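Examining the three-dimensional arrangement
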Amino acid sequence: MKDVFYLCSKSVNIINIYALFQINNIECKCFGEMGVIQIRKDKQFINLTLMRKEEFEDKDKKIFLEKGIRTIVCISYNTYSIEELKNILFVLLDNEGGLIGNDSDEFEPILSISNIMEFQF
């Protein structure tokens, strides 16, 4: 599986995201006590895991400070689930704002609502 990160300047918890997905007809299971949402469509699995800043290296924390990031969600996906992933990312960005960062140095490339549908990894 590969990872991207949802980065948001708002405080958004996993229950908020689950409710947002329900409103947008995205079928999923929420494991609130673990901070996890699992989405399964056919053979596709996408997992969202709420993370703490302390779980990241200092160089990553610098980005959080610069961009005022308060919420970090690791989104794990398989390459064959890109289209479903794009839909999920669009819903998050359209409703809560924020950015999508890649699992790389400084989260590059960083995507937003304006270019999320161009996502290719």
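Small disclaimer: the values here were computed from a predicted structure and weren't measured. (Residues numbered from 1 in each chain as written. Predicted model: local features only at pLDDT ≥ 70, side-chain atom pairs only at ≥ 80, totals over all residues. Heavy atoms only, no water.)

Take the packing of aromatic side chains next. This structure, assessed with the given rule, holds five aromatic pairs. With a centroid separation of 5.5 Å and an interplanar angle of 80°, the aromatic rings of Phe 5 and Phe 107 are classed as edge-to-face. Here Phe 5, found in strand β1 (residues 2–8), pairs with Phe 107, found in the loop between β6 (99–102) and β7 (110–111); they are 102 residues apart in sequence, far enough to count as distant. Following the ring pairs from residue to residue traces out a cluster consisting of Phe 5, Phe 56, Phe 64 and Phe 107. (Phe/Tyr/Trp six-rings, centres within 6.5 Å; stacked < 30°, edge-to-face > 60°. Helix = DSSP H or I, 4+ residues; strand = E, 2+ residues; numbered from the N terminus.)

In this fold, Phe 90 is placed in helix α3 (residues 82–96). Placed 23 residues apart in sequence, Phe 90 and Ile 113 show a C-alpha to C-alpha distance of 6.5 Å. Beyond its immediate sequence surroundings of up to four residues, Phe 90 is in contact with Ile 113, Ile 116 and Met 117. (Contact = heavy atoms within 4.5 Å.)

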